[in-house]
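# Architecture at a glance
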Amino acid sequence: MRKKIIAGNWKMNKTVGEALAFAEALTPLVAGKDSVDIVICPPYTALYSVSKAFEGTSVATAAQGVFWKTSGAYTSYVSSPLILDAGAKYVLIGHSETRGRFGVAEEGLTDDLLKAFGETDAGVNVKAKAALAAGLIPIICIGETLGERKDGATDVTVADQVVKALEGISAELVSTQVIFAYEPVWAIGTGEVCAADEANRVCGVVRATIESRYGAETASAVRIQYGGSMKPDNAAELLSQEHIDGGLIGGASLKPADFAAIVAAAAG
Ligand code: PEP
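Residues numbered from 1 in each chain as written. Predicted model: local features only at pLDDT ≥ 70, side-chain atom pairs only at ≥ 80, totals over all residues. Heavy atoms only, no water.

This next bit is on helix 11 (residues 232-239). For helix 11, the set of buried residues is Asn234, Ala235, Leu238 and Leu239. Buried residues along helix 11 cover an arc of 125° about the axis, so they all sit on one side. Away from the buried face of helix 11 by more than 90 degrees, exposed residues Asp233 and Glu237 are located. Residues of helix 11 that are buried sit in contact with strand 1 (4-9), helix 9 (196-214), strand 7 (223-227), strand 8 (246-249) and helix 12 (256-267). (Buried < 20%, exposed > 50% of the residue type's maximum accessible area, 1.4 Å probe, protein only. Helix = DSSP H or I, 4+ residues; strand = E, 2+ residues; numbered from the N terminus. Arc of directions from axis to C-beta. Contact = heavy atoms within 4.5 Å.)

This part is about the pattern of salt bridges. Using the criterion set out here, one finds 13 salt bridges in the structure. We note a salt bridge from Arg223 to Asp37, for which the minimum N-O separation is 2.8 Å. Taken as a pair, Arg223 in strand 7 and Asp37 in strand 2 (residues 36-41) lie far apart in primary sequence, 186 residues in all. Of the two residues, Arg223 and Asp37, neither departs from the other in class, the shared state being buried. (Salt bridge = Lys/Arg side-chain N within 4 Å of Asp/Glu carboxyl O.)

Okay, the sheet that holds strand 5 (residues 137-142) next. Reading around the barrel, the eight strands line up as 1-2-3-4-5-6-7-8 and close back on themselves, with parallel pairing between neighbours. When strand polarity is set aside, the average angle formed by the axes of neighbouring strands in this sheet is 25°. Pairing analysis gives four bridges linking strand 1 to strand 8, with the strands arranged parallel. Each bridged residue has a counterpart across the sheet, and for Ala7 the counterpart in strand 8 is Leu248. Contacts between helix 7 (residues 154-166) and the sheet are confined to strand 5 and strand 6 (179-182), with strand 6 contributing the most and set at about 155° to the helix. (Pairing = 2+ DSSP bridges. Axes fitted to C-alpha atoms, helices over the stretch in contact; angles between N-to-C directions.)

Bringing the packing of aromatic side chains into the picture now. Per the counting criterion, the structure on display carries five aromatic pairs. Judged by centre distance (4.8 Å) and plane angle (75°), the rings of Trp10 and Phe22 are edge-to-face. Residue Trp10 is found in the loop between strand 1 and helix 1 (16-30), and its partner Phe22 is found in helix 1; the two are separated by twelve residues along the sequence. Each member of the pair, Trp10 together with Phe22, is buried. Here the aromatic rings of Phe67 and Tyr74 are separated by 5.1 Å at their centres, their planes lie at 50°, and the arrangement is tilted. Classification of Phe67 as buried rests on a relative accessible area of 12%. These aromatic residues form a ring-pair network of at least three members: Phe67, Trp68, Tyr74 and Tyr77. In this structure, Lys14 packs its charged tip against the face of Trp10, placed 5.3 Å from the ring centre. (Phe/Tyr/Trp six-rings, centres within 6.5 Å; stacked < 30°, edge-to-face > 60°. Lys NZ or Arg CZ within 6 Å of the ring centre and 35° of its normal.)

On to the site of the ligand, then. Taken together, 14 residues are adjacent to the ligand, and Lys11, Glu183, Gly189, Ser229 and Gly250 come closest. Within the contact set of the ligand, an oxygen atom lies 2.8 Å away from a backbone nitrogen or oxygen of Gly250. Coverage of the ligand by the protein chains reaches 96% of its 290 Å² of free accessible surface. In the shell around the ligand, the residues fall into four nonpolar, eight polar and two charged. (Near = heavy atom within 4 Å. Polar contact = N/O pair within 3.5 Å; in protein donor to acceptor, adjacent residues only side chain to side chain. Areas by Shrake-Rupley, 256 points an atom, 1.4 Å probe, with all protein chains shown as cover. Nonpolar A, V, L, I, M, F, W, Y, C, P; charged D, E, K, R; others polar.)

Here strand 4 (residues 90-93) shows no split at all, with Tyr90 and Leu92 on one side and Val91 and Ile93 on the other all buried. Sheet topology note: the strand 3 (residues 59-63)/strand 4 ladder contains two bridges and is parallel. Pairing of Ala62 across the sheet is with Tyr90, part of strand 4. For the crossover that starts at strand 3, traverses helix 3 (residues 80-85) and ends in the parallel strand 4, the hand is right-handed. Of the strand pairs in this sheet, strand 4 and strand 5 are connected by four bridges, and their pairing is parallel. Note that in strand 5 the partner of Val91 across the bridge is Pro138. (Right-handed = clockwise from strand over helix to strand, strands pointing away.)

With that out of the way, let us pick up the nonpolar core. Core analysis: the biggest nonpolar cluster contains 63 residues, and Ile6, Leu26, Ile40, Phe180, Ile210, Tyr226 and Phe259 have the highest contact counts within it. When residues of this core are assigned to their parent elements, the largest contribution, six residues, is made by helix 9. The residues touching Ile210, leaving out its near neighbours within four places in the chain, are Val162, Leu166, Val174, Phe180, Gly215, Thr218, Ala219 and Val222. (Core = buried A, V, L, I, M, F, W, Y, C linked by side-chain atoms within 4.5 Å.)

This next bit is on the packing of helix 7 against helix 9. Where helix 7 meets helix 9, the axes come as close as 9 Å, and the angle between the chain directions of the two elements is 45°. Considering their axes alone, helix 7 and helix 9 lie oblique with respect to each other. Handedness of the helix 7/helix 9 crossing: right-handed. Contacts between helix 7 and helix 9 involve Thr154, Asp155, Val158, Ala159, Val162, Val163 and Leu166 from the first element and Arg201, Val202, Val205, Val206, Thr209, Ile210, Arg213 and Tyr214 from the second. For the contact of helix 7 with helix 9, a count of residues per class yields ten nonpolar, two polar and three charged. (Parallel < 35°, antiparallel > 145°, perpendicular 65-115°, else oblique. Left-handed = near helix turned anticlockwise from the far one by under 90°.)

As structure tokens, then:
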């Protein structure tokens, strides 16, 4: 049995004050839900305060990204040791928004500018290795764009992202320390949820890809979240699927009651 993991990605939202008010409201709502790993990903500016606020509770924190160097002259970037020092246990890597794959044409932004966000598969791999070396748990996000889905390239896209993300990472680390989040880009922040059976099928492709590289035992241990417009009213169906071991939640993680309802759905 894989333990379910529910993570709330706040993206570029919440001041420190708003983040602390959220922590205060959420804590009693998820008390006793020890059968689920609960994670909040605040912006960097609130990471330390939120980590402190959840100390002694079952809620852990994650950074929304990481640089692969440990320290030095890298203006604006944040390393794994600094993230650990701020109190986080997890880190998101390869979110479609940091890969520059927004899935919509942003007004006035060219493809080149979007790509300048620049998280590539190779970048995801070095960041995952750096996070693991420091003792952080990477949540590696993968998923196809609408164009890739329409072209029938969903499975090959996702499998390729998995293989490239894991290059050079041992079976032991993969089975105990790596989490994947399957997030179809077209379902993120759009309100358009992937049907539960299709989300399960693609999470199965992720698992089969891991199996082909590392064997069945490792593949069956890895937790795979679904992300993309998960909400209180669709969470239970998604979370009941064989290959879906949790959720990565954006919009619905901004309100304590909604997020707590998704945690409750995972707790069963
Ligand atoms: C996300 O940002 O990872 C996400 C899944 O967002 P939303 O839940 O808003 O679609």
